[in-house]
Amino acid sequence: MATHQLLRGAELLKQGAEGRVYRAEFLGKPAVIKERFPKRYRHPELDEKLTHRRTVQEVRSILRCRRAGISTPVVYFVDYSSNCIFLEEIVDSQTVRDFIASTQPSSSQEDQELQWLAKLIGQILAKIHDEDVIHGDLTTSNMLLRRGSESSDFELVLIDFGLSYISALAEDKGVDLFVLEKAFLSTHPNTELLFQQLLHSYSTSSKKSSAVIKKLEEVRFRGRKRSMVG
Amino acid sequence: MTIVIGFEGSANKIGIGIIKDGEVLSNPRRTYITPPGQGFMPGDTARHHRGVILTVLKEALEEAGIQPADIDCVAYTKGPGMGAPLVTVAIVARTVAQLWGKPLLGVNHCIGHIEMGRLITKANNPTVLYVSGGNTQVIAYSERRYRIFGETIDIAVGNCLDRFARVIKISNDPSPGYNIEQMAKKGKRYVELPYTVKGMDVSFSGILSYIEEAANKMLSADQCTPEDLCFSLQETVFAMLVEITERAMAHCGSQEVLIVGGVGCNLRLQEMMGVMCQERGAKLFATDERFCIDNGAMIAQAGWEMFRSGQVTQLEDSWITQRYRTDEVEVTWRD
């Protein structure tokens, strides 16, 4: 199997939750290969269905985002028999998570230095939601920063669309933001103000934001309201 | 030397345990079991607890071989949980604290589970999967808080299993979850059920409503057996739990997993988590039913940690609350 041969010679970058990520060259270009290998803990039927569905959803969502002008890695090739996606490698980049951690080393105070980042993330999320793409796994590890064409600004690249799907429902977009909020606040303590700025940027950039923010508030309350017995 | 007595009764289990510097001296418990097809209601549960609590208290003291004078602190479950049972137990805790002249400590139930898990397994800094009838959370410690990384956005996994048990009238003795586990072992056919993971969160109400509707239809059409349904439900919901745990581990860079809470007793869940851990080179920690299921000693243990780090609950603050998030508590006993 050609893909497996290629992977054997490739450099393993990491083993994320979804699968393994390798670096290799594909048709002369630096590429990242995302391999969703079978998860032995799952029932084989469940595993096959889930893995295939996620591969397909990921590729579809990336393509849809790209058509709308949102920065994501380019999809070079998909091998459906091994559930491998060959993507453009985003070189000279850093995850937003690492970026925040390096500019905000301790949790002491809110840094106004990161306000531009909050604004940028809000704008990009507004764009993908206006395209009815639900990322499904928004975390600061799934956002990359790389230098834009002008050396002074940064470009935000979204990655990891494995849990993504298409939906116009405000509820789904609200949950998408809720997932990010939880991931954000639990990974980067004391960034409540920063996240507020992110939401504000989202509201002003998205045409359908008010319903989404309302749903976000509902979903937040749902978690709080739940009676935790046992 | 510090001896703490812990009172737990937030759901249908009433337990009182005594801990002395990391040693469980006693941990008796009673469970309020309802007939098949029925869940437990707050009023009836409180009544059950009222009926047995003093007997259990006596057992706890006798088994530990200590006198009230030896106790340093009285810990009780402040929340979260069901109102009436929580009140019932808190009243007894307040009363004995005053009777014996000992300080009180209101403990967060979820933290009780975590601290007991840490004590028994000696896990260093694990990603914690807390799964029970009332809670489903993925927790990791960071900067003086047990932060919730992922959780259910609607019902707990145990609640989903318990309510499914009611639909097909599985016995609640010793617990619906245990009986589902035994039946699942005999299941052969995998039935496709909705699988819902949203980032690091999960949702069970969809799969529950699906299986509630489909169960009776499929069973009467002979498309599958109740054992097949138990098997398929477990395989699906447990896969969801393993997945969100794995995500949290990847995000935090953690190499340890600790499962706590009643659903953590389930050997299939432990097995699946073990496979995932093996594939990542991580280590799995789990306890047995003495400590997975709600018990008094876990409250005593969390109380022990809190007390030793200087916390105390004044009488006027010793109320209970049905909603009490794990991340609300300042973890003063860890750095």
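Residues numbered from 1 in each chain as written. Chains lettered and ligands numbered in written order. Predicted model: local features only at pLDDT ≥ 70, side-chain atom pairs only at ≥ 80, totals over all residues. Heavy atoms only, no water.

Draft legend 1. Expanded view of the UniProt feature "binding site: a divalent metal cation" (unreviewed entry) in chain B. All names here are of chain B. According to UniProt, the feature "binding site: a divalent metal cation" (unreviewed entry) maps to His109, His113, Tyr130 and Asp294 in the numbering used here. In three dimensions, the annotated residues from a span of 186 residues occupy one location, with a maximal C-alpha spread of 11.8 Å. Position of His109 among the secondary structure elements: in helix α3 (residues 109–121). For Tyr130, a relative accessible area of 0% corresponds to the buried category. At 3.1 Å, the side chain of Tyr130 and the side chain of Asn135 are in polar contact. (UniProt positions renumbered as here; feature names shortened; annotations may be inferred. Helix = DSSP H or I, 4+ residues; strand = E, 2+ residues; numbered from the N terminus. Buried < 20%, exposed > 50% of the residue type's maximum accessible area, 1.4 Å probe, protein only. Polar contact = N/O pair within 3.5 Å; in protein donor to acceptor, adjacent residues only side chain to side chain.)

Draft legend 2. Representation of the interface of chain A and chain B within the structure. Taken together, the contact between chain A and chain B spans 45 residues of the former and 54 residues of the latter. Taking both partners together, chain A and chain B bury about 4000 Å²; carbon and sulfur atoms supply 50% of that area. Where chain A touches chain B, the interface holds nine salt bridges. Of all elements in the fold, only α2 (44–67), α5 (170–187) and α7 (209–225) of chain A reach the threshold of two or more residues within the side of chain A that touches chain B. Considering each element in turn, the side of chain A that touches chain B owes the most residues, nine residues, to α5 of chain A. (Contact = heavy atoms within 4.5 Å. Buried area = accessible area lost by both parts, 1.4 Å probe. Salt bridge = Lys/Arg side-chain N within 4 Å of Asp/Glu carboxyl O.)

Draft legend 3. Molecular detail of the environment of Val74 of chain A. Residue and element names in this part refer to chain A. The topology assignment puts Val74 in the loop between α2 and β4 (75–79). We classify Val74 as partly exposed; its relative accessible area is 26%. For the pair formed by Val74 and Ser186, sequence separation is 112 residues and the distance between their alpha carbons is 30 Å. Those residues within four positions of Val74 in sequence are excluded, and the remaining contacts are Arg66, Phe86, Leu87 and Glu88.

Draft legend 4. Representation of the domain arrangement of chain B in the model. Residue and element names in this part refer to chain B. Segmenting chain B into domains produces domain 1 (3–114 + 291–317) and domain 2 (123–289). Placing the centre of domain 1 and that of domain 2 at their C-alpha centroids yields a distance of 26 Å. With 17 residues of domain 1 in contact, the opposing surface of domain 2 contributes 22 residues. For the pair domain 1 and domain 2, the summed buried area comes to about 1600 Å², and 65% of that belongs to carbon and sulfur atoms. (Domains from an automatic or database assignment.)

Draft legend 5. Region of the structure containing the sheet that holds strand β1 (residues 11–15) of chain A. Residues and elements named next belong to chain A. The antiparallel open sheet is built from five strands, whose spatial order is β1-β2-β3-β5-β4. Two strands bound the open sheet, and with one partner strand each, they are β1 and β4. The average undirected angle you get between the axes of adjacent strands in this sheet is 25 degrees. Relative to strand β5 (residues 84–88), strand β3 (residues 29–35) is paired through five bridges, and the arrangement is antiparallel. Across the sheet, residue Ile33 finds its bridge partner in β5, namely Phe86. Along the sheet face, α2 touches β3, β4 and β5 and points at about 160 degrees away from the line of β4. (Pairing = 2+ DSSP bridges. Axes fitted to C-alpha atoms, helices over the stretch in contact; angles between N-to-C directions.)

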